[in-house]
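Inside the fold
Below, each chain spelled out in residue letters.
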Amino acid sequence: MTLDHQERGLALDLALTARCPLRCRFCTVEKRPGDELPAEEWRRVLAAFAAVRRIRRISLEGGEPLLRPDIAPIAGAGLACADRVKIVTGGGVPFETLPEGLARNPRLTLEVSVDGPRDRHDYLRDASFEAAWAFIDAARAQGAKLRLRSVLSTFNIGVLDEWLDAVDRHLAHLPSPVGYRFDTLIAPEALEPLGGPHRRHPLRGYPSAGRVPPPEEVVALYERLRTRRFRRLRFEQTEPFRGCGAGRLPLVSFDPAGRFSFCCEAPRSFGAIREVSAAAVLAILDAQMSALPCRSCAHFTAARCDGCWTGQKCGMVGAWNLPGCRALLDAAGGRTGAGDNRCRPGHPAIPPNAGRQVESHPGT
Ligand code: SF4
Ligand code: SF4
């Protein structure tokens, strides 16, 4: 019997390295050197998954994936196995690092992190504003498909509307649209205990208390951007809160050594791809996804939430001391009237008190 989510296919997130030339203030990647699967191993892994299930998208991430000298064969293997491939970069490595021609592939998107005007970006992203925009401008000149992405925090949520107008003017001369999306700042302490029984690459902690923006402000920004008419920017976001969309497309996330989980941010793993087959990974994934409560949730059917395997929405639930993900969506104004807003059965169990150490925000 084919399960519903098997027919939807699969998304794979590959954190290719924990190395990065930047030291961004709110990066969750612990910059600790470690084992990295070489290109040939990733190629075999991707081919093994593609042989048994359609891969809709592959995200090549880090750290900074462009530090990998073998990024071209890895991206090439991804394009051979998946509908679409994305490379997520901080723009701290020159665009010219990319092999000639790779960025022009219409199925490849370069996603560059930019967190606002120069002062905010430089404060949040290790003084990389100049480098990131040099990367973006070079990528556009070469005809690369681009998306810009911001991480929302209390440091930049108030200036994004005006800044995006300026970005849109900067891009106005381009012949084709540039994507844009935002993610809310992660609360690492809420995700620390989540995942499987084993450790994988550690999550970098930082004090998130008071820095994760209020849910209603995130939703208000989302609604404004959804209805705003830009000249060249195209708002490519289908839900207000950060998420991998596990309710729509099941996800397997790998750390640089190939240890896998079903949440890109959870630092715990179910095993290592060097030790288990793709079929075995999918058997665990299928069992997890069959239990996921999202597709029968009113917030999912009303297109307010694309689902989440952990039920933490990347830490927003813990950061705001809410009893569960439905309460987060309710708090943001999308009430279901369904009554029970606790974490629903089907999301992984959270150890008692874990993820609840986050201080309440001032004024809550
Ligand atoms: S916390 Fe949820 S939405 Fe965020 S990456 Fe993990 S599974 Fe996806
Ligand atoms: S609110 Fe929770 S249960 Fe509902 S779709 Fe979102 S993550 Fe899933």
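Residues numbered from 1 in each chain as written. Chains lettered and ligands numbered in written order. Predicted model: local features only at pLDDT ≥ 70, side-chain atom pairs only at ≥ 80, totals over all residues.

**Comments concerning the sheet that holds strand 4 (residues 108-113)**
Strand order in the open sheet formed by 10 strands is 8-6-5-4-3-2-1-9-10-12, and the pairing between neighbours is mixed. Two strands lie at the open edges of the sheet, namely strand 8 (233-235) and strand 12 (271-272), each paired on one side alone. Here strand 3 (residues 82-89) pairs with strand 4 via five bridges, running parallel. Along strand 4, the bridge assignment pairs T89 with V112. Here helix 3 (residues 71-81) sits on the sheet in contact with strand 2 (55-61), strand 3 and strand 4, set at roughly 150 degrees to strand 3. (Pairing = 2+ DSSP bridges. Helix = DSSP H or I, 4+ residues; strand = E, 2+ residues; numbered from the N terminus. Contact = placed C-beta atoms within 7 Å. Axes fitted to C-alpha atoms, helices over the stretch in contact; angles between N-to-C directions.)

**With respect to the site of ligand 2**
Every one of the 14 residues lining ligand 2 counts as a neighbour, but C294, C297, F300, C305 and C325 are closest to it. Contributing elements (two or more residues each) for the shell around ligand 2: helix 10 (298-301) and helix 12 (325-331). The leading source of residues in the shell around ligand 2 is helix 12, at three residues. (Near = placed C-beta within 6 Å.)

**Observations regarding unusual backbone geometry**
Look at the link from G62 to G63: it is a cis peptide, with omega at 5 degrees. Of note, G63 is situated in the loop between strand 2 and helix 3. Even without glycine at this site, A303 takes up a positive phi of about 60 degrees. Along the chain, A303 falls in the loop between helix 10 and helix 11 (316-319). We classify A303 as exposed; it has 10 C-beta atoms within 10 Å. Even without being a glycine, K313 presents a positive backbone phi close to 45 degrees. (Buried ≥ 20, exposed ≤ 12 C-beta atoms within 10 Å, placed from the backbone.)

**Observations regarding the pairing of strand 3**
As a general feature of sheets, a regular strand has side chains that alternate between the two faces. The buried count for strand 3 comes to six of eight residues, which makes it a mostly enclosed element. Pairing analysis gives five bridges linking strand 2 to strand 3, with the strands arranged parallel. Opposite L60, over in strand 3, you have I87 as the bridge partner. The β-α-β motif built from strand 2, the intervening helix 3 and the parallel element strand 3 has right-handed crossover chirality. (Right-handed = clockwise from strand over helix to strand, strands pointing away.)

**Section: the packing of helix 2 (residues 39-52) against helix 3**
Between helix 2 and helix 3, whose axes approach to 9 Å, the crossing angle comes to 10 degrees. When the axis of helix 2 is compared with that of helix 3, the two are roughly parallel. For the pair formed by helix 2 and helix 3, the contact residues are A39, W42, R43, L46, A47 and A50 on the first element and P73, I74, A77, G78 and C81 on the second. When grouped by side-chain class, the residues that make up the contact of helix 2 with helix 3 number nine nonpolar, one polar and one charged. (Parallel < 35°, antiparallel > 145°, perpendicular 65-115°, else oblique. Nonpolar A, V, L, I, M, F, W, Y, C, P; charged D, E, K, R; others polar.)

**Concerning the packing of helix 2 against helix 9 (residues 278-291)**
Two elements in contact, helix 2 and helix 9, have axes separated by 9 Å at closest approach and are oriented at 60 degrees. When the axes of helix 2 and helix 9 are compared, the pair comes out oblique. Between helix 2 and helix 9 the crossing geometry is right-handed. Residues V45, A48, F49 and V52 of helix 2 pack against A278, A279 and L282 of helix 9. In the contact of helix 2 with helix 9, the residues fall into seven nonpolar, no polar and no charged. (Left-handed = near helix turned anticlockwise from the far one by under 90°.)

**Here's the deal with the site of ligand 1**
If you check the shell around ligand 1, you find 13 residues, and the closest are G243, C244, C263, C308 and C314. When its residues are assigned to classes, the shell around ligand 1 shows eight nonpolar, three polar and two charged.

**Remarks on helix 3**
By the burial criterion, the buried members of helix 3 are I71, I74, A75, A77, G78 and C81. Viewed end-on, helix 3 has its buried residues packed into an arc of 155 degrees, placing them on one side of the element. In this structure, the buried side of helix 3 is in contact with helix 2, strand 2, strand 3 and strand 4. (Arc of directions from axis to C-beta.)

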